[in-house]
Amino acid sequence: MTGTRRPYVRPVDFKAGLVDMSHGSGGRAMAQLIDELFVEAFDNAWLREMNDQARLPMPPGRLVVATDSHVVSPLFFPGGDIGCLSVHGTVNDVAMAGARPLYLTAGFILEEGYPLADLRRIVRSMAAAAREAGVPIVTGDTKVVEKGKGDGVFINTTGIGVVPEGIEISGDRARPGDAILVSGTLGDHGVAIMSLRENLAFETTIASDTAALHGLVAAMLASVPGIRCLRDPTRGGLATTLNEIARQSGVGMRLEEDSIPVRAEVAAACEFLGLDPLYVANEGKLVAICDPGDCGRLLEAMRAHPLGRDAARVGEVVEDPHHFVQMRTGFGGSRMVDWLAGEQLPRIC
Amino acid sequence: MKYVDEYRDGALARTIAARIAAAVRPGRTYHFMEFCGGHTHAISRYGVTDLLPPSVVMVHGPGCPVCVLPVGRIDMAIELALREKVVLCTYADTVRVPASGGLSLMKAKARGADVRMVYSAADALRIAREEPGREVVFFAIGFETTTPPTALVLREARAAGLSNFSVFCNHVLTPSAIAHILESPEVRELGTVVIDGFVGPAHVSTVIGAQPYEYFAEEYRKPVVIAGFEPLDVMLAVEMLVRQVNEGRAEVENEFTRAVTREGNARAKDLVAEVFELRRSFEWRGLGLVPYSALRLKTEWSAFDAERRFAMADRRVPDPKACECGAILRGVKKPVDCKVFGTACTPETPIGSCMVSSEGACAAHYTYGRYRSAA
Ligand code: SF4
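Residues numbered from 1 in each chain as written. Chains lettered and ligands numbered in written order. Predicted model: local features only at pLDDT ≥ 70, side-chain atom pairs only at ≥ 80, totals over all residues. Heavy atoms only, no water.

Our focus in this paragraph is the domain arrangement of chain A. By a widespread convention, an interface's size corresponds to the accessible area lost as its parts come together. Residue and element names in this part refer to chain A. Splitting chain A by domain gives domain 1 (11-163) and domain 2 (179-336). In this structure, domain 1 and domain 2 have C-alpha centres spaced 28 Å apart. Facing the 21 residues of domain 1 at the interface are 21 residues of domain 2. Roughly 1,600 Å² is buried in total at the junction of domain 1 and domain 2, and carbon and sulfur atoms are behind 66% of that figure. (Domains from an automatic or database assignment. Contact = heavy atoms within 4.5 Å. Buried area = accessible area lost by both parts, 1.4 Å probe.)

Overall, the coordinates contain 15 aromatic pairs over all chains when judged by the stated rule. Consider the rings of B:Phe143 and B:Trp284, whose centres lie 5.9 Å apart with planes at 55°: the pair is tilted. Remark: B:Trp284 occurs in strand β11 (residues 281-284) and B:Phe143 occurs in the loop between β5 (135-142) and α7 (147-159); sequence separation between them is 141 residues. Accessibility classification places B:Phe143 together with B:Trp284 in one group, the buried group. Joined through ring pairs, the aromatic side chains of B:Tyr213, B:Tyr215, B:Phe216 and B:Tyr220 make up one cluster. If you follow A:Arg121 out to its NZ or CZ, it ends over the ring of A:Phe76, 3.8 Å from the centre. Sitting over the ring of B:Trp301, B:Arg158 keeps its end group 3.7 Å from the ring centre. (Phe/Tyr/Trp six-rings, centres within 6.5 Å; stacked < 30°, edge-to-face > 60°. Helix = DSSP H or I, 4+ residues; strand = E, 2+ residues; numbered from the N terminus. Buried < 20%, exposed > 50% of the residue type's maximum accessible area, 1.4 Å probe, protein only. Lys NZ or Arg CZ within 6 Å of the ring centre and 35° of its normal.)

The next thing to look at is the state of the cysteines. Residue and element names in this part refer to chain B. Per the counting criterion, the structure on display carries 1 disulfide over all chains. One disulfide bridge connects Cys64 with Cys67, the sulfur atoms lying 2.3 Å from each other. Every disulfide takes its handedness from the sign of the S-S torsion; for Cys64 and Cys67 that torsion is 70°, giving right-handed. In this structure Cys64 comes out as buried when scored by relative accessible area, which is 2%. Residue Cys67 is classed as buried on the basis of its relative accessible area of 0%. Of all cysteine sulfurs in the structure, the one in Cys325 sits closest to Cys354, which takes part in no disulfide; the separation is 3.1 Å. (Disulfide = S-S within 2.5 Å.)

A few words now on helix α16 (residues 361-373) of chain B. Under the 1.5 Å per step criterion, the end-to-end length of α16(B) is only 14 Å for 13 residues, more than 12% shorter than the ideal 18 Å. The largest bend in α16(B) amounts to roughly 65° and is located at B:Thr367. Burial of α16(B) is extensive: 11 of the 13 residues sit out of reach of the surface. Within the sequence span of α16(B), burial applies to B:Ala361, B:Cys362, B:Ala363, B:Ala364, B:His365, B:Tyr366, B:Thr367, B:Tyr368, B:Gly369, B:Arg370 and B:Tyr371. The inward-facing, buried residues of α16(B) abut β12 (325-328) and β13 (334-336) of chain A together with α3 (37-46), β2 (56-63) and α15 (325-329) of chain B. (Expected span 1.5 Å × (residues − 1). Bend = angle between axes of the 7 residues up to and from the residue.)

Now for the pattern of salt bridges. Following the criterion strictly, the structure yields 46 salt bridges over all chains and no others. A:Asp178 is paired through a salt bridge with A:Arg228; the nearest N and O atoms lie 2.7 Å apart. Of this pair, A:Asp178 sits in the loop between β6 (153-163) and β7 (179-182) while A:Arg228 is found in the loop between α6 (214-223) and β8 (229-231), placing the two residues 50 residues apart along the sequence. Overall, A:Asp178 belongs to the buried group, its relative accessible area being 1%. Residue classification places A:Arg228 among the buried positions, given a relative accessible area of 7%. Here A:Asp338 and B:Arg370 are joined by a salt bridge, their closest N and O atoms 2.7 Å apart. With one member in each of two chains, A:Asp338 in the segment after β13 and B:Arg370 in helix α16 form a pair that bridges those chains. We note that A:Asp338, like B:Arg370, is buried. (Salt bridge = Lys/Arg side-chain N within 4 Å of Asp/Glu carboxyl O.)

Here we come to the packing of α3(B) against α16(B). All names here are of chain B. Look at α3 against α16: their axes get within 9 Å of each other, and the N-to-C directions meet at 10°. Compared by their axis directions, α3 and α16 come out roughly parallel. Of the residues in α16, those touching α3 at Thr40, His41, Ser44 and Arg45 are Ala361, Ala364 and Tyr368. A per-class count over the contact of α3 with α16 returns 3 nonpolar, 3 polar and 1 charged. (Axes fitted to C-alpha atoms, helices over the stretch in contact; angles between N-to-C directions. Parallel < 35°, antiparallel > 145°, perpendicular 65-115°, else oblique. Nonpolar A, V, L, I, M, F, W, Y, C, P; charged D, E, K, R; others polar.)

Every contact between the two is made by 33 residues of chain B and, on the other side, 24 residues of chain A. A buried area of about 2,200 Å², summed over both sides, lies between chain B and chain A, and 56% of it is on carbon and sulfur atoms. Here chain B is connected to chain A by 3 salt bridges. Where chain B touches chain A, the interface holds 8 residue pairs in polar contact (both at pLDDT 80 or more). Only α2 (10-23), α3, α6 (121-130), α12 (231-246) and α16 of chain B provide two or more residues apiece to the side of chain B that touches chain A. Ranked by the residues each element gives to the side of chain B that touches chain A, the list is headed by α16(B), at 6 residues. Taken together, the residues of the side of chain B that touches chain A sort by class into 18 nonpolar, 4 polar and 11 charged. (Polar contact = N/O pair within 3.5 Å; in protein donor to acceptor, adjacent residues only side chain to side chain.)

This is the structure we're talking about:
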């Protein structure tokens, strides 16, 4: 499309150009940026219509909607950047209902002075992630705030999907006796981000695990349609996710520390930083709760998928009027795995 | 990581647990105070008490740097942080400690104070370099472990001729605090606190060595076993203490030989002596004024001493009424003895300092152990 239609005298300067206030003004500069950056990268029939909204066909089933704003700092990190993260995060939120994600929207808040070259890298990474996930970005919005009022780029994405009748996945469905599974190693994303924070500069080979999980979820549902709960343990990590589900379902949980997969490098970095990997964010992992009878089959299905290779059963749901999450430590004692108090580290997603 | 895993090995833990169970004499109890918050945290986090026989009771001590900061010192820090041009650099835990008037450094930050969280004294020095137009103050807290790094950045600041950097010094000393507890009426006359021995500090002892504890062992007839911060270290120390008690010995033993010597680290001690001197007395939360228990900058360093540079007035403010932190820090009470534990006072809404740091007895019990007391 770029070859045939060139209404602008000079193309956007993606080499040395910077975001300025005109890019959010609604005028020609904004239209040009949308054309030459966003439409070009996200390219699909709905965007090409150039309307302020997208009209979408919906397959049968119940609609699932999720939204997520991304403010991660730094914007680029080992294993990803804010662009692909903003696609994965929302695709995953939709997928955790057992839904098939269909469409995404994207809202950008850009800070005046941000290099257009970096913005293009982010947008292209976002486009690649959306294409790989098979979920088009069908409409969007761009605003520019004055220098000092933002931090480079913030991205909000909203995802729409459908969940077929018969799939009932919800955080309030865990029952005593159910098995608790995780899809892989915990804490990778959070540690990758922290390794870049200026005051925590230390060497690590850990990359963020950021990934879209709807393919894994589909494979899991094909094998066990009766999965009771799914959730991606992002901010606050596994500990927070399990406490949420315990409260929603009115149950307690018992974990086995030795069975929780954590990479040795992540464990070492956490040790050094005084963090607990159970509270560190993930962007490409999920927690599943299922009937104990389904556990073996579900684990098998997870391990057969590239994003669930290290899946493990980490504990079980128990009856507990206090809704405590407890853990048998590798050391042989017991302790609680409580809600996180305060922030472990800000702006990791 | 492997190095650390060895000290968390469950199979080894069970072996030691069996040895301790065999060693304890029927009909007697053993009360050991773990001085350090690092031990308190390890005990709760790994569930060490589950592996000890019921006759071994661990009593939490005052060795949590954030917990022992009295309200008055936090108030002083807030006042300083609210001054124009000042950037106050502090460890993350400290910002949540409740101060007077419902304030904390975090709330002061929301009101416009420039409070920055740092991971080390060196981070604060870097900020001073990067922002020459600001008055950068490092809120220095902690026991002997954190003192040498503070001394080091002061030396660097002086060598670099940095005129916008200073330290609000709250460094405190372990031996004086232990002596103070052993001298307290609860231990000496009332007998409300029984202490049969101490699990001695890990990191602190790497600096000061094992020798300073010899005095307590001898004078007060209390065994001390210096132990590392891993759960197996604690188990081994308990075993050594049980044996000392059984044999009527009161010696300083060192479980943490991989890091602690009798003399400690001479270079670190020299560095500290170059910059700091003893204060005549210093207020500790829970312990009150403790003579010669803290450090301040020597006169030659007064240009870097925030208290002198900003003519900060000393403040003494009583603890909140409901709070039992004082009694808890002296080993007199347990977290659950406090009426507001877990109700009005939680890690999200701390009333006392012991609920703030993960090394604090209340926070450790709330976070890791409250299922034990929830009937
Ligand atoms: S529960 Fe809170 S108020 Fe009570 S002693 Fe502990 S910190 Fe102080």
